[in-house]
Amino acid sequence: MATLPLLPESAPKLVGIARLAAHGESLRQGHEVEYFTLSVRSLLNRCTGVRMPFTWTINPYRGCEFACKYCYARYTHEFMEMRDGLDFEQKIYVKQHAADLLRQELRRVKPGEEIAIGTATDPYQPAERRCEVTRAILEELSRHEGLELGIVTKSNLILRDIDVLQQVSRNNRLSVNLTITTLNVNLARILEPRAPRPDLRLEAVRNLNQASINAGVICAPVLPGITDSPRDLEALVRATAEVGGRHIFANPLFLKPCSAAVFLPFLEEEFPHLVESYRQRYKDRAFLPKTYHQRLSQLMARLRQKYGIRNSYEGYERRTRPTVKAETQLELF
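Residues numbered from 1 in each chain as written. Predicted model: local features only at pLDDT ≥ 70, side-chain atom pairs only at ≥ 80, totals over all residues. Heavy atoms only, no water.

Turning our eyes to something else, we now look at the overall build of the chain. Broken down by element type, the chain carries 12 helices and 11 strands. Within the span of the chain, comprising 333 residues, buried residues form 55% of the whole. Contacts in the chain between residues far apart in sequence, at least 24 positions, make up 78% of those at least 6 positions apart. Within the structure as shown, the chain displays about 15600 Å² of accessible surface, and the carbon and sulfur contribution to it stands at 47%. (Helix = DSSP H or I, 4+ residues; strand = E, 2+ residues; numbered from the N terminus. Buried < 20%, exposed > 50% of the residue type's maximum accessible area, 1.4 Å probe, protein only. Contact = heavy atoms within 4.5 Å. Areas by Shrake-Rupley, 256 points an atom, 1.4 Å probe, with all protein chains shown as cover.)

This next bit is on the nonpolar core. Residues Leu141, Ile151, Val176, Phe263 and Tyr278 are the most contacted members of the largest nonpolar core, which totals 89 residues. Not counting residues up to four positions away in its chain, the partners in contact with Val176 are Ile151, Ile158, Leu208, Ile213, Asn214, Ala215, Gly216 and His247. (Core = buried A, V, L, I, M, F, W, Y, C linked by side-chain atoms within 4.5 Å.)

What follows concerns the confidence of the model for the chain. Of all residues in the chain, 83% attain a pLDDT of 70 or more, and the chain-wide mean is 87. Under a pLDDT of 50 for its full length, residues 25-30 has, in the predicted model, 18 contacts with residues more than four places off or in other chains. In this model residues 315-329 is a low-confidence stretch, pLDDT under 50, and it forms 38 contacts with partners more than four residues away in sequence or in other chains. (pLDDT = per-residue confidence, 0-100.)

For the structure shown, the criterion picks out 17 salt bridges. For Glu105, the salt bridge goes to Arg108, with nearest N and O atoms at 3.5 Å. With a relative accessible area of 9%, Glu105 lands in the buried category. Given the relative accessible area of 38%, Arg108 is considered partly exposed. For the salt bridge of Glu148 with Arg173, the shortest nitrogen-to-oxygen distance reads 3.0 Å. (Salt bridge = Lys/Arg side-chain N within 4 Å of Asp/Glu carboxyl O.)

Helix length check: helix H10 (residues 257-270) (14 residues) gives 20 Å between terminal C-alpha atoms against 20 Å at 1.5 Å per residue, within 8%. Buried within H10 are the following residues: Cys258, Ser259, Ala260, Val262, Phe263, Leu264, Phe266 and Leu267. The secondary structure elements touched by the buried residues of H10 are helix H7 (185-191) and helix H11 (275-281). (Expected span 1.5 Å × (residues − 1).)

Omega for the bond connecting Ala220 with Pro221 falls within 30 degrees of zero, at 0°, which places this linkage in the cis form. Looking at the element boundaries, Pro221 is found in strand S10 (residues 215-222). Phi angles above zero are rare outside glycine, and Ser212 is one such case at about 65°. With respect to the helices and strands, the residue Ser212 is situated in the loop between helix H8 (198-210) and S10. Ser212 gets classed as exposed once you look at its relative accessible area, which sits at 59%.

As a further point, take the side chain of Asn177. In this structure, Asn177 sits in strand S9 (residues 173-179). A distance of 2.7 Å separates the side chain of Asn177 from the side chain of His247, its partner in a polar contact. (Polar contact = N/O pair within 3.5 Å; in protein donor to acceptor, adjacent residues only side chain to side chain.)

A ring pair, where both rings are aromatic, is described by two values, the distance of the centres and the angle of the planes. Tallied over the entire structure, the rule returns 7 aromatic pairs. Here Tyr72 and Phe254 contribute two aromatic rings whose centre-to-centre distance is 6.0 Å and whose plane-to-plane angle is 45°, an arrangement assigned as tilted. Residue Tyr72 is found in the loop between strand S5 (61-62) and helix H2 (87-90), and its partner Phe254 is found in the loop between strand S11 (248-252) and H10; the two are separated by 182 residues along the sequence. The partly exposed category is assigned to Phe254, whose relative accessible area is 22%. A ring pair is formed by Tyr278 and Tyr282, whose centres lie 5.9 Å apart and whose planes are at 15°; its orientation type is stacked. Residues Tyr278 and Tyr282 agree in their burial class; the two are buried. Counting every residue linked through ring pairs, the aromatic cluster contains Phe263, Phe266, Phe271, Tyr278 and Tyr282. In this structure, Lys256 is placed above the aromatic ring of Tyr75, and the distance from its NZ or CZ to the ring centre is 4.9 Å. (Phe/Tyr/Trp six-rings, centres within 6.5 Å; stacked < 30°, edge-to-face > 60°. Lys NZ or Arg CZ within 6 Å of the ring centre and 35° of its normal.)

Structure, rendered in structure tokens:
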């Protein structure tokens, strides 16, 4: 199979992950999405971000077909010398020999250090149906005990792996997080064009908990002026409670330049009245002011209490605990 000519012959010599990506073999092409193999030297990556509550990350793929307009992970393709933000959703790299690598690397994990699966790509995106890299990783994890594990996904494809998830959770602490940004199906379709519908994700939460797998919801990112009204957030918390979700938490939009290059044109088309406000608020920063985080954290805490979701996954909120007076509205603009 021919490889994709990523750069012209006159380009500088590629090294590291960029060189490996350039030698990936094409697996399939369709819907303007191409899949490539990717030989990697390591699967388990130490997290250096001070805002992250986990120590290690595992991403079975590079890139994500779901094409979420706000996705912060687009920058990861830049390591492979791909500067067009759309490459992240159109060129998907499938990591090879993932389970074998993980088997060798798990000895690096110390007790109490959490491993997060799916922080920069969705582990259950369409490629997983055929490639089953995530399932192979879970099968390897099921052979170990005493691990702290978290999975983040937007896909109900995770239900395919209930059997191995049950095996993993018997001897390890496992938490599954279905990302839901809105219950509005039409809004979700334009925000997350190729991801499963919100109702399918909620049903996945129900089925996982019925199978004794700890599952809840991440509402992230919360989009100011689009998905952050208290009424909409309350509807999501209520829906999570109704399906038996064990936890729900929320984080505001994180907008790096590579993400803004895709997200701002999307705003211009779908929400033109918000464009200037976003440009000003994110002009010199990737994060919103701390007060916005605090108000959001307070609101979610009250809603969890109201709907009886007491076991919130507090690790992801430890840096946004409320310290200011409660407010009934989230006012950013």
